[in-house]
Amino acid sequence: MINLLTPSNWNDYELIDCGNFEKLERFGKYILIRPEPQAVWDKTLSEGEWQKLHHIKFRGRTATSGDWFKKDKSAPDRWHIEYKTKDLDLKFRLGLTSFKHVGIFPEQAANWDYIAESIKLMKTPEPKFLNIFAYTGGASIAARNAGADTTHVDSIKQVVTWANENMELSGLKDIRWVVEDALKFVQREVKRGKKYNGIILDPPAYGNGPKGEKWKLEDQINEMMKDVVKLLDEKEHFLILNTYSLGFSSLIVENLVKSSMPTVKNLDIGELYLQATAGCKLPLGVWGKFRSF
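Residues numbered from 1 in each chain as written. Predicted model: local features only at pLDDT ≥ 70, side-chain atom pairs only at ≥ 80, totals over all residues. Heavy atoms only, no water.

Looking up the protein chain in an unreviewed UniProt entry gives the name Oxidoreductase, with the organism given as Solitalea longa.

See the structure below:
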């Protein structure tokens, strides 16, 4: 069974509409237009409504960079939003980057909820949690907020610094920050005999380590998964594998997990999406997750 999963607890984020390779989103009180390669269908709202609603729009110059144009000149380059549930109280600093990103992937809130729920169900006092390819730390601060001893791994120092800001904004402390190539870090932890009760890995399609290491999802994810499962605590554990790559199937994720851990139980697989207020569903990755309790 392939499950469709979307976050349901956002107040400070809304996908308003998407289509014609763009998405119209509200982050707090500011509405942005950004490119979206998955949105191959027509927009539901009219172009006039899009132009009326938005405050800021991103226009690409190259395949990897571009510029922001503010219709509302008072709109800031940086602002804060909050994600709050019965289990979590997280705050994030957003910013207009040259890569079209703003520092958060809102669909990942569904994974934050699962992380918090899993940590709170554990009998282990202060479970150990590992976030690999951790970006600006949504999963890290969710785990720390839920009471886990948390390690955050990313190869880019600037985004780790950003994650630290999010930790402090959320009134948290003592996350362990690691700036390193993800595969090298995992291999070193295996050699050291380290164990974690919870792990999330959300690898990009392509990436580079701090020393020029190359990452290509389809070439290296199998090796990565074989090492990652060795880090799971035998008694009590959970794992999330989340991927966003055009053409990557949840069945690939299922096969990866099962071949890496043939004894896996309670494996769920599915697709992550955002529900637009205008009606369409925007697919934003595939996932597999399991836990031992």
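Trainee: Help me understand helix 6 (residues 217–228), please; the structure alone is not making it clear to me.
Mentor: Residue pairs spaced three or four apart in an α-helix point in one direction, given the helix's 3.6 residues per turn. Every buried residue of helix 6 is listed here: Leu-217, Gln-220, Ile-221, Met-224, Met-225, Asp-227 and Val-228. Seen along its axis, helix 6 keeps its buried residues to an arc of 155°; they face one direction. The elements touched by buried residues of helix 6 are strand 9 (128–132), helix 5 (182–192), strand 12 (198–201), strand 14 (214–216), strand 15 (238–243) and helix 7 (250–260). (Buried < 20%, exposed > 50% of the residue type's maximum accessible area, 1.4 Å probe, protein only. Helix = DSSP H or I, 4+ residues; strand = E, 2+ residues; numbered from the N terminus. Arc of directions from axis to C-beta. Contact = heavy atoms within 4.5 Å.)

Trainee: Sorry if this is basic, but what is going on with the environment of Gly-285 here?
Mentor: Inspection of the secondary structure puts Gly-285 in strand 17 (residues 281–291). In this structure, the C-alpha to C-alpha distance between Gly-285 and Ser-249, residues 36 residues apart in sequence, is 8.5 Å. In this structure Gly-285 touches Thr-243, Tyr-244, Gly-270, Glu-271 and Leu-272, once residues within four positions along its chain are discounted.

Trainee: I keep staring at the side chain of Thr-85 and nothing clicks. Help me out?
Mentor: Mapped onto the fold, Thr-85 is located in the loop between strand 7 (78–84) and strand 8 (89–95). Separated by 3.0 Å, the side chain of Thr-85 and the backbone nitrogen of Asp-87 make a polar contact. Residue contacts for Thr-85: discarding those within four places in its chain leaves Asn-9 and Asp-113. (Polar contact = N/O pair within 3.5 Å; in protein donor to acceptor, adjacent residues only side chain to side chain.)

Trainee: Even after reading the chapter, I still don't get the packing of helix 5 against helix 6, so can you show me in this structure?
Mentor: What describes two packed helices is the angle between their axes and the distance between those same axes. Axis separation between helix 5 and helix 6 bottoms out at 9 Å; the angle between their running directions is 30°. Relative to helix 6, the element helix 5 lies roughly parallel. Considering only the axes of helix 5 and helix 6, their crossing is left-handed. Counted together, Ala-182, Leu-183, Val-186, Gln-187 and Val-190 of helix 5 and Gln-220, Glu-223, Met-224, Asp-227 and Val-228 of helix 6 form the full contact between these two elements. Of the residues in the contact of helix 5 with helix 6, the class split is six nonpolar, two polar and two charged. (Axes fitted to C-alpha atoms, helices over the stretch in contact; angles between N-to-C directions. Parallel < 35°, antiparallel > 145°, perpendicular 65-115°, else oblique. Left-handed = near helix turned anticlockwise from the far one by under 90°. Nonpolar A, V, L, I, M, F, W, Y, C, P; charged D, E, K, R; others polar.)

Trainee: In this structure, what is going on with the state of the cysteines? I would like to understand it.
Mentor: Any covalent bond linking the sulfur atoms of two cysteines counts as a disulfide. Applying the stated rule across the entire model yields zero disulfides. Cys-280 provides the cysteine sulfur closest to Cys-18, a residue in no disulfide bond, and the two sulfurs are 3.2 Å apart. (Disulfide = S-S within 2.5 Å.)

Trainee: Can you help me understand the pairing of strand 15 in this one?
Mentor: Moving residue by residue along a regular strand, the side chains alternate between the two faces of the sheet. Within strand 15, six of the six residues are buried, which leaves the element mostly enclosed by the surrounding structure. Alternating residues of strand 15 divide into Phe-238, Ile-240 and Asn-242 and Leu-239, Leu-241 and Thr-243, and every residue in both groups is buried. Bridge count for strand 12 against strand 15 is four bridges, and the pairing is parallel. Counted as the bridge partner of Leu-201 is Leu-241 from strand 15. Note: strand 15 against strand 17, six bridges, orientation antiparallel. Along strand 17, the bridge assignment pairs Thr-243 with Val-286. (Pairing = 2+ DSSP bridges.)

Trainee: Please explain the nonpolar core as it appears in this structure.
Mentor: What tends to happen in soluble globular proteins is that the nonpolar side chains get buried as a cluster. Phe-27, Leu-32, Phe-92, Ile-104, Trp-112 and Ile-115 are the most contacted members of the largest nonpolar core, which totals 47 residues. Here this core gets six residues from one element, more than from any other, and that element is helix 2 (residues 109–121). In this structure, Trp-215, Leu-239, Phe-248 and Leu-256 belong to the second largest nonpolar core, which totals 31 residues. (Core = buried A, V, L, I, M, F, W, Y, C linked by side-chain atoms within 4.5 Å.)

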